[in-house]
Amino acid sequence: MSQENVDLVRSAYEAFGSGDMDTVTRLLADTEWHEAEGMPYRGTFTGANAILSNVLGPINQDVEGFSVQPDEILDAGDKVVSLGRYGGQGANGPVDLKYAHVWTVRDGALVRFDHYTDTKLFSQAVGK
């Protein structure tokens, strides 16, 4: 089952990267999203509409060409860890930061997302 979990998480990054928001919305339908403390979009949001409205939409407004590039997607059973970099251009400079994402997968669904990054550098780049 764990390779299926890795593939599911990978498909979320691929959908977001290609702008396939219908797939992103479907994949995040029941996700509890924990945005990193210190981020301009910090908080906990449940479901695709809340995540898109409070996190992904504002990030795309604040960072021109925002991208999420996983370097590694690691199997940890019901957890999948993605390590990679954010990219794009914020109001005050480039967004070029490492991140760690921890996804929890249950019964073939993305049920939880925990976000870790250098929130100070991100906030400085976007001017918030």
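This text goes with the structure placed above it.
Residues numbered from 1 in each chain as written. Predicted model: local features only at pLDDT ≥ 70, side-chain atom pairs only at ≥ 80, totals over all residues. Heavy atoms only, no water.

### Digging into the overall build of the chain
Then comes step 1: Tallying secondary structure elements over the chain gives 4 helices and 7 strands in all.
Then comes step 2: Ordered by position in the sequence, the α and β elements of the chain form the string α-α-β-β-α-β-β-β-β-β-α.
Then comes step 3: Along the first, second and third principal axes, the C-alpha atoms of the chain reach 45 × 25 × 25 Å.
Then comes step 4: Taking all 128 residues of the chain together, 47% fall into the buried category.
Then comes step 5: The contacts in the chain between residues at least 6 apart in sequence include a share of 49% that link residues at least 24 apart.
Then comes step 6: In the form shown here, the chain has an accessible surface area of approximately 6,600 Å², with 46% of it arising from carbon and sulfur atoms.
Then comes step 7: Here the chain carries 10 positive and 19 negative side-chain charges, and the mean point of each set is 6 Å from the other. (Helix = DSSP H or I, 4+ residues; strand = E, 2+ residues; numbered from the N terminus. Buried < 20%, exposed > 50% of the residue type's maximum accessible area, 1.4 Å probe, protein only. Contact = heavy atoms within 4.5 Å. Areas by Shrake-Rupley, 256 points an atom, 1.4 Å probe, with all protein chains shown as cover. Lys, Arg positive; Asp, Glu negative; His and termini not counted. Charge placed at Lys NZ, Arg CZ, Asp CG, Glu CD.)

### Concerning the nonpolar core
Then comes step 1: Among the nonpolar cores identified, the biggest contains 37 residues, and Leu28, Trp33, Leu56, Trp103, Leu110 and Phe122 are the most heavily contacted of them.
Then comes step 2: Contributing elements (two or more residues each) for this core: α1 (2-18), α2 (21-27), α3 (48-62), β3 (64-76), β4 (79-90), β6 (97-106), β7 (109-117) and α4 (119-126).
Then comes step 3: Broken down by element, this core gets its largest block of residues, 7 residues, from α1.
Then comes step 4: Apart from the residues lying within four places of it in its own chain, the contact partners of Trp103 are Val9, Tyr13, Leu28, Trp33, Asp78, Lys79, Val80, Leu110, Arg112 and Phe113. (Core = buried A, V, L, I, M, F, W, Y, C linked by side-chain atoms within 4.5 Å.)

### Description of α1
Then comes step 1: The end-to-end C-alpha distance of α1 is 24 Å, a good match for the 24 Å that 17 residues give at a rise of 1.5 Å each.
Then comes step 2: For α1, the set of buried residues is Asn5, Val6, Leu8, Val9, Ala12, Tyr13, Ala15 and Phe16.
Then comes step 3: Gly19 sits one or two residues past α1 and shows a positive phi near 80°. (Expected span 1.5 Å × (residues − 1).)

### Digging into the pairing of β4
Then comes step 1: Relative to β4, β3 is paired through 10 bridges, and the arrangement is antiparallel. The residue bridging Glu64 from the neighbouring strand is Gln89, located in β4.
Then comes step 2: Between β3 and β4, which pair antiparallel and follow one another directly, the connecting turn spans 2 residues, one of which, Gly77, has a positive phi of 75°.
Then comes step 3: By the bridge criterion, 8 bridges tie β4 to β6 in an arrangement that is antiparallel. Its bridge partner being in β6, Ser82 is matched across the sheet by His101.
Then comes step 4: Two elements, β4 and strand β5 (residues 93-94), share 2 bridges in a ladder whose sense is antiparallel. Within β5, the position partnered with Gln89 by the bridge is Pro94. (Pairing = 2+ DSSP bridges.)

### Describing the packing of aromatic side chains
Then comes step 1: Summed over all chains, the structure comprises 10 aromatic pairs.
Then comes step 2: Both rings, one in Tyr13 and one in Tyr99, keep their centres 6.5 Å apart while their planes meet at 20°; by these two values the pair is stacked. Linking Tyr13 in helix α1 with Tyr99 in strand β6, this pair joins segments that are 86 residues apart in sequence. We note that Tyr13, like Tyr99, is buried.
Then comes step 3: Judged by centre distance (4.7 Å) and plane angle (65°), the ring pair of Trp103 and Phe113 falls under edge-to-face. Note that Trp103 is positioned in strand β6 and Phe113 in strand β7, a separation of 10 residues in sequence.
Then comes step 4: For Trp103, a relative accessible area of 3% translates into the label buried.
Then comes step 5: Clustering of aromatic rings is evident, with ring pairs tying together Tyr13, Phe16, Trp33, Tyr41, Phe66, Tyr86, Tyr99, Trp103, Phe113 and Phe122. (Phe/Tyr/Trp six-rings, centres within 6.5 Å; stacked < 30°, edge-to-face > 60°.)

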